Amino acid sequence: MATISLDEEVRLFTNNAEREKYNLLGTLYGIIVALDYLERAYVRDAITAAQYSPACTRLLSQYMTMLKLVKDSVPSIEQFMTRYRMDNPAALHRIQVGVPATVEHSSEAGPETGKWIAETTQNFITFMDALKLRLRAKDQLHPILQELVTGYARFKGSKDWEGRSKMVSWLITLNSMKASEEITEEQSRQLSFDVEHAYAEFFRSLSSGKERS
């Protein structure tokens, strides 16, 4: 009869595939917990709307990405939370709604502007993530950047934002390339810097109250 040592480490996995699965599930668990903390902090006025909106949008984006990676193990988020005894109702509500509370309960800026803010934030995050994933070809980057610039341009103050002209310039650069042609590593670093600067500028403008669509 086999004996069990109480000092022996209990392993959840026996191969690399199982280890990766549990790592992904752990990441999903962490995203839900982080989202719950963020929701509670916003409700208590511990953070501003300008701080909350991009953070919430990023977590929702990360959640959607992780859900695709673990879809075989997670039939639904409710089942996942029940299975691991998660008590995070604020996070569950935000996941079910799919947009930050600033968009869900938008008033002063109007529901349409709130929707634009959420969409533009999501486009920024998607494009920055694409660069981090080392996507370099025109046919990979151009559609995402085009959608970003289109949404960005809907805001009245965007014509005066430095980031807009830089992103349009990058669109022109990508337009001049063949579909399979790739930007260089140096270009990728500069593009990432310019887009991150535009992203920060975008939220500074919103939080300063200058943007009213």
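The rules behind the values
- Residues numbered from 1 in each chain as written.
- Predicted model: local features only at pLDDT ≥ 70, side-chain atom pairs only at ≥ 80, totals over all residues.
- Heavy atoms only, no water.
- Phe/Tyr/Trp six-rings, centres within 6.5 Å; stacked < 30°, edge-to-face > 60°.
- Helix = DSSP H or I, 4+ residues; strand = E, 2+ residues; numbered from the N terminus.
- Buried < 20%, exposed > 50% of the residue type's maximum accessible area, 1.4 Å probe, protein only.
- Core = buried A, V, L, I, M, F, W, Y, C linked by side-chain atoms within 4.5 Å.
- Contact = heavy atoms within 4.5 Å.
- Axes fitted to C-alpha atoms, helices over the stretch in contact; angles between N-to-C directions.
- Parallel < 35°, antiparallel > 145°, perpendicular 65-115°, else oblique.
- Left-handed = near helix turned anticlockwise from the far one by under 90°.
- Nonpolar A, V, L, I, M, F, W, Y, C, P; charged D, E, K, R; others polar.
- Salt bridge = Lys/Arg side-chain N within 4 Å of Asp/Glu carboxyl O.
- Expected span 1.5 Å × (residues − 1).

Colleague: Can you walk me through the packing of aromatic side chains in this structure?
Modeller: Pairs of aromatic rings are described using the distance from one ring centre to the other and the angle between the two planes. One pass over the full model with this rule turns up 12 aromatic pairs. Here the aromatic rings of phenylalanine 124 and tyrosine 199 are separated by 5.1 Å at their centres, their planes lie at 50°, and the arrangement is tilted. Pair noted here: phenylalanine 124 is in helix H6 (residues 111-132) and tyrosine 199 is in helix H9 (residues 185-207), with a separation of 75 residues, a long-range link. Since its relative accessible area comes to 0%, phenylalanine 124 is described here as buried.

Colleague: Would you take a moment to explain the nonpolar core for this structure?
Modeller: Most often, soluble globular proteins keep nonpolar side chains buried together rather than apart. Core analysis: the biggest nonpolar cluster contains 29 residues, and Phe124, Phe127, Leu145, Met167 and Phe202 have the highest contact counts within it. Listed by contribution, the elements that provide at least two residues to this core are H6, helix H7 (138-152), helix H8 (162-175) and H9. In terms of residues, this core owes the most to one element, H6, which gives eight residues. In this structure, methionine 167 is in contact with Phe124, Leu145, Leu148, Val149, Tyr152 and Ala198, ignoring residues within four places of it in sequence. Judged by nonpolar contacts, the second largest core, of 22 residues, contains Leu35, Tyr63, Val70 and Ala101.

Colleague: What exactly am I supposed to notice about the packing of H7 against H8 here?
Modeller: The relative placement of two packed helices is expressed as an angle between their axes plus a distance between the axes. Relative orientation of the contacting elements H7 and H8 amounts to 150°, with a least axis distance of 10 Å. Comparing the axis directions of H7 and H8 gives the class roughly antiparallel. In the crossing of H7 with H8, the sense of the turn from one axis to the other is left-handed. Of the residues in H8, those in contact with Lys138, Leu141, His142, Leu145, Gln146, Leu148, Val149 and Tyr152 of H7 are Gly163, Arg164, Met167, Val168, Trp170, Leu171, Leu174 and Asn175. Here the residues of the contact of H7 with H8 sort into 10 nonpolar, four polar and two charged.

Colleague: For this particular structure, what's the right way to read the pattern of salt bridges?
Modeller: Pairs can form between side chains of opposite charge whenever their charged atoms are close. Applying the stated criterion to the full structure yields seven salt bridges. Across the salt bridge formed by arginine 136 and glutamate 185, the nearest N and O atoms sit 3.6 Å from each other. In this pair, arginine 136 is assigned in the loop between H6 and H7 and glutamate 185 in helix H9, connecting sequence segments 49 residues apart. Look at arginine 136 and you get buried, because its relative accessible area is 8%. Between lysine 166 and glutamate 162 there is a salt bridge; the shortest N-O distance is 3.2 Å. With lysine 166 and glutamate 162 both in helix H8, this residue pair falls four residues apart, about one helical turn. Owing to a relative accessible area of 41%, glutamate 162 belongs among the partly exposed residues under this scheme. Residues joined in a network through salt bridges with shared partners are Arg134, Arg136 and Glu185.

Colleague: What's the story with the environment of glutamate 181 in this structure? I'm lost.
Modeller: Inspection of the secondary structure assignment puts glutamate 181 in the loop between H8 and H9. Each C-alpha atom of the pair glutamate 181 and aspartate 139 lies 8.2 Å from the other, and the pair is 42 residues apart in sequence. Excluding residues that lie within four positions of it along the chain, glutamate 181 makes contacts with Arg136, Ala137 and Lys138.

Colleague: Can you walk me through the side chain of asparagine 88 in this structure?
Modeller: Within the secondary structure, asparagine 88 is located in the loop between helix H3 (77-83) and helix H4 (89-97). With relative accessibility at 11%, the residue asparagine 88 sits in the buried group. Those residues in contact with asparagine 88 that lie beyond four places of it in its chain are Ile32, Val33, Asp36 and Met81.

Colleague: Would you take a moment to explain helix H1 (residues 16-43) for this structure?
Modeller: Side chains of residues three or four places apart in an α-helix project in the same direction, reflecting 3.6 residues per turn. An ideal rise of 1.5 Å per residue puts 40 Å on 28 residues; H1 measures up with 41 Å between its terminal C-alpha atoms. Those residues of H1 that sit buried are Leu24, Leu25, Leu28, Ile31, Ile32, Leu35, Asp36, Leu38, Glu39 and Ala41. Buried residues along H1 sit against helix H2 (49-69), H3 and H4. Looking one or two residues beyond H1, the residue adopting positive phi is aspartate 45, at roughly 65°.

Colleague: Sorry if this is basic, but what is going on with the packing of H1 against H2 here?
Modeller: Their axes nearest at 10 Å, the elements H1 and H2 cross at an angle of 160°. Classed by the angle they form, the pair H1 and H2 counts as roughly antiparallel. H1 and H2 meet at a crossing whose hand is left-handed. Note on element contacts: H2 touches H1 through Ala49, Tyr52, Ala55, Cys56, Leu59, Leu60, Gln62, Tyr63, Met66 and Leu69, opposite Leu24, Thr27, Leu28, Ile31, Ala34, Leu35, Leu38, Glu39 and Tyr42. A class-by-class count of the residues in the contact of H1 with H2 yields 16 nonpolar, two polar and one charged.

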